[in-house]
Amino acid sequence: MGFDLIVKNGFIVDGSGMPRYRGDVGVRDGRIVEIGRIRAPAARVIDADGLIVAPGFIDGHTHMDAQVAWDRLGSCSCWHGVTSVVMGNCGFALAPCKPADREWYASCLTAVEDIPTEAMLAGIDWSWETFPEYLATVERLPKGINYGMYIGHSALRMYVMGRRGLEERAREDDLRQMEQAVGEALRAGALGLSTSRATTHVTPDDTPVASRIADWNEIARLVGAMAELDAGIFQVGPDISGGAEQRACLEELRRIALASGRPVMFGMLATRQGRDPNPWDFQTRFMDETAAAGGRMYGQATTRSINAVFSLRSYLPFDVLPAWKELRSLPLAEQKRRLADPAIRARLVAAEAEMKPRDNVLQGGGAATTDPRKPDYDNLFPMMSFDWDDPSVAELARRGNRHPVEVMIDLMLENDNRVFVQPIVNERPEDVLNLLRHPRTLATFSDSGAHVCQEMGSSLQTHLLHYWVRQKQQFTLEEAVRMLSFDNASAWELPDRGLLRPGYAADLVVFDESRIKPLLPTVEQDLPGGARRLVQKAEGIAATIVNGKVTVEDGKATGEAAGVVLKGRLAA
């Protein structure tokens, strides 16, 4: 019997961490059916001579809940070898949601995750109310990648309690309704429950999101509802403010992990900014101690610094200054003309003095606030490569004996799509490396779909392969592929993904290990309604295959949409 697809002559890195070997992969009906030296015919053959054939990469921390409604491709993740994502992280989701609250939910996602409200209102056919209805909607949508999802605590709290969910503790009847909804979601296919305790997660009114109003008893009750069914993962955006508050949050997570027996996942960051930051190894020791006591716990880490991103086409640190505000209201071409005018330029440089000196408060991203602080120019880098070695704005200013703002203007006039990155956390590469090396840490914290003009975490996978494998030689290719595929499939309990084995889903990525890397990002206006976002592609990937169909080939979409909804075992 013939095959639908054969990937021939590649070096197979199967996701297990075992050494590569030469072979063919035969696919039929969306599944891998044979690996070896295949001589049978196939409807399509991909010659992978000299290339790596690996399992499709899995990203467990995304916010593509809205984007899936209008983007069948699954960008930007799809361009970096990702074939499966998990969305609905940190308690932010679009279901359950009553019709009257749709715009409020959208505005909350804008406030926290920088997903433009106008894009959501223009791009979503919002026909669901309950979580099972949302899951069924995603099942019907054409999808270029696979999607799993959590039920989000903030959405659930608002659905059950209304605006009380933003102000009050839950009553007993509220708790029972929420517990029932969690069970209903798991039976429909949810992978678990997500919540947030992060102080940076606020509503458009600058008040805590609904999940942060909940007490720990409420959270324990909802995780307990999963424990009753012996199913589901608990994901949390933790308090990252440092000091005793962060340690207290983690202690509560330990109690929940031990009491429920459910896997607990939280984002892991290293930073020297802010007030009384805890060292990165405090978090890894905490996970080890919890595991020794009988809990299941994973840290979610990215592969580089998490940055605020600035550009002439999106946000600049100076945007709220009166002189800059006037300029930034103009069309791009006129902005560039005025930036080249020496008199106007001098006024813009001088206006920076109106900003307050920077302090030790953890710096955020995006547009400047109404109380702007001067940028830390030693921690602001024009992005010229993706190797973490670009000179800072301050260094360039010192070299040329110029003001840092003048340096930025020149770089923006040279390339109006130039981006500047300001590391917010994970500033030191050695700290990131230590987090990635820990056996309980997952390489999966991309935030893809969120912070669309402020971040570019979707390149996590190609950055790991380019920077940490090829440039720094800190991981073998086999180790890195395992981190991006099998480790994540195991943590999210996806039984037929993450390995190249007969019987597994035919999610594959075919790439050149000597060329794979992320490209520099650009700002595009390709969201519904013309809203802007950062777009970042990659090079060196010959083909991405989802459930046996080639969805991206040499960086271009093929039009195939073979993605499915990944469901938890209660719905399998």
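Above this text sits the structure in question.
In this text, all values refer to a predicted model and were calculated from it rather than measured experimentally. (Residues numbered from 1 in each chain as written. Predicted model: local features only at pLDDT ≥ 70, side-chain atom pairs only at ≥ 80, totals over all residues. Heavy atoms only, no water.)

(A) Main features of the overall build of the protein chain. Counting secondary structure elements, the protein chain contains 18 helices and 24 strands. The C-alpha atoms of the protein chain give 24 Å as radius of gyration, which agrees with the globular expectation for 572 residues (25 Å, within 12%). In the protein chain, which comprises 572 residues, the proportion classed as buried is 60%. Of the roughly 21400 Å² of accessible surface on the protein chain, 49% is carried by carbon and sulfur atoms. (Helix = DSSP H or I, 4+ residues; strand = E, 2+ residues; numbered from the N terminus. Rg over C-alpha atoms; globule rule 2.2 N^0.38 Å. Buried < 20%, exposed > 50% of the residue type's maximum accessible area, 1.4 Å probe, protein only. Areas by Shrake-Rupley, 256 points an atom, 1.4 Å probe, with all protein chains shown as cover.)

(B) Geometry of the pattern of salt bridges. For the structure shown, the criterion picks out 43 salt bridges. Between Asp-49 and Arg-22 there is a salt bridge; the shortest N-O distance is 2.3 Å. Linking Asp-49 in the loop between strand E4 (42–47) and strand E5 (52–55) with Arg-22 in strand E2 (residues 21–28), this pair joins segments that are 27 residues apart in sequence. With relative accessibility at 48%, the residue Asp-49 sits in the partly exposed group. The class of Arg-22 is partly exposed, set by a relative accessible area of 38%. Through salt bridges with shared partners, a single network forms among Arg-31, Asp-496, Arg-497 and Asp-507. (Salt bridge = Lys/Arg side-chain N within 4 Å of Asp/Glu carboxyl O.)

(C) A look at the pairing of E5. Bridge count for strand E1 (residues 3–12) against E5 is 2 bridges, and the pairing is parallel. Across the sheet, the residue bridging to Ile-12 is Val-53, located in E5. With 4 bridges joining them, E5 and strand E17 (residues 508–511) adopt antiparallel strand pairing. When the bridges of E17 are listed, Val-53 appears paired with Val-510. (Pairing = 2+ DSSP bridges.)

(D) View of the layout of surface pockets. Roughly 340 Å³ of internal volume is contained in the second largest pocket. Around the second largest pocket, the lining comprises 19 residues; the ones closest to its centre are Ser-305, Phe-381, Trp-388, Val-421 and Pro-423. Mapped onto the lining of the second largest pocket, the elements with two or more residues apiece are strand E14 (381–382) and strand E15 (419–425). Taken together, the residues of the lining of the second largest pocket break down into 9 nonpolar, 5 polar and 5 charged. (1 Å grid on protein atoms, 1.4 Å probe; cavity = no way out; pocket = protein on both sides within 12 Å on 5 of 7 lines; lining within 4 Å. Points joined across faces, edges and corners; volume = space filled by probe spheres on them. Nonpolar A, V, L, I, M, F, W, Y, C, P; charged D, E, K, R; others polar.)

(E) Fine view of unusual backbone geometry. The linkage connecting Ser-75 with the following residue, Cys-76, adopts the cis geometry, with an omega of 5°. Locating Cys-76 in the fold gives a position in the loop between strand E6 (57–59) and strand E7 (82–87). Of note, Asn-547 is a non-glycine position whose phi angle comes to about 50°, a positive value. Mapped onto the secondary structure, Asn-547 falls in the loop between strand E22 (541–546) and strand E23 (549–553).

(F) Seen up close, the packing of aromatic side chains. Tallied over the full model, the rule gives 6 aromatic pairs. An aromatic cluster is defined as three or more aromatic residues linked by ring pairs; in this entry it consists of Trp-126, Trp-128 and Tyr-134. Its end group placed over the ring of Tyr-159, Lys-98 keeps NZ or CZ at 5.4 Å from the ring centre. (Phe/Tyr/Trp six-rings, centres within 6.5 Å; stacked < 30°, edge-to-face > 60°. Lys NZ or Arg CZ within 6 Å of the ring centre and 35° of its normal.)

(G) Focus on empty space enclosed by the protein. Per the counting criterion, the structure on display carries 4 cavities of 30 Å³ or more. Within this model, the largest cavity holds a volume of roughly 180 Å³. In this structure, the largest cavity is lined by 19 residues; those nearest its centre are Cys-76, Gly-449, Ala-450, Ser-458 and Leu-534. Of the residues that constitute the lining of the largest cavity, the class distribution is 6 nonpolar, 10 polar and 3 charged. Along the walls of the second largest cavity sit 14 residues, with Phe-92, Tyr-105, Cys-108, Ser-154 and Ala-155 positioned nearest its centre. Every element with two or more residues in the lining of the second largest cavity is listed here: helix H1 (102–113) and helix H4 (153–161). Looking at which element gives the most residues to the lining of the second largest cavity, the answer is H1, with 4 residues. Here the residues of the lining of the second largest cavity sort into 11 nonpolar, 3 polar and no charged.

(H) How the structure looks around the packing of helix H16 (residues 460–471) against helix H17 (residues 477–484). Their axes nearest at 10 Å, the elements H16 and H17 cross at an angle of 160°. Looking at the two axes, H16 sits roughly antiparallel to H17. Crossing geometry of H16 relative to H17 is assigned as right-handed. Along its contact with H16, which presents Leu-460, Gln-461, Leu-464, Leu-465 and Val-469, the element H17 presents Leu-477, Ala-480, Met-483 and Leu-484. (Axes fitted to C-alpha atoms, helices over the stretch in contact; angles between N-to-C directions. Parallel < 35°, antiparallel > 145°, perpendicular 65-115°, else oblique. Left-handed = near helix turned anticlockwise from the far one by under 90°. Contact = heavy atoms within 4.5 Å.)

(I) Main features of the environment of Pro-238. As for its position among the elements, Pro-238 is in the loop between strand E10 (233–237) and helix H8 (243–260). Residues in contact with Pro-238, not counting those within four places in the same chain, are Arg-197, Ala-198, Cys-249, Phe-266 and Gly-267.

(J) Summary view of the nonpolar core. Core analysis: the biggest nonpolar cluster contains 103 residues, and Tyr-134, Phe-234, Leu-253, Phe-266, Leu-436, Leu-465 and Phe-511 have the highest contact counts within it. Leave out the neighbours within four places in its chain, and Leu-465 touches Phe-57, Arg-470, Leu-477, Ala-480, Leu-484, Phe-511 and Ile-516. In terms of nonpolar packing, the next biggest core, distinct from the first, is built from 34 residues, Trp-324, Tyr-377, Val-407 and Ile-409 among them. (Core = buried A, V, L, I, M, F, W, Y, C linked by side-chain atoms within 4.5 Å.)

(K) Highlighting the pairing of E22. The buried fraction of E22 amounts to 5 of the 6 residues, a majority that puts the element mostly inside the structure. Summarising the sheet, E17 and E22 pair through 4 bridges and their orientation is antiparallel. Note that in E22 the partner of Leu-508 across the bridge is Ile-545. Here E22 runs beside E23; their pairing, made up of 4 bridges, is antiparallel.

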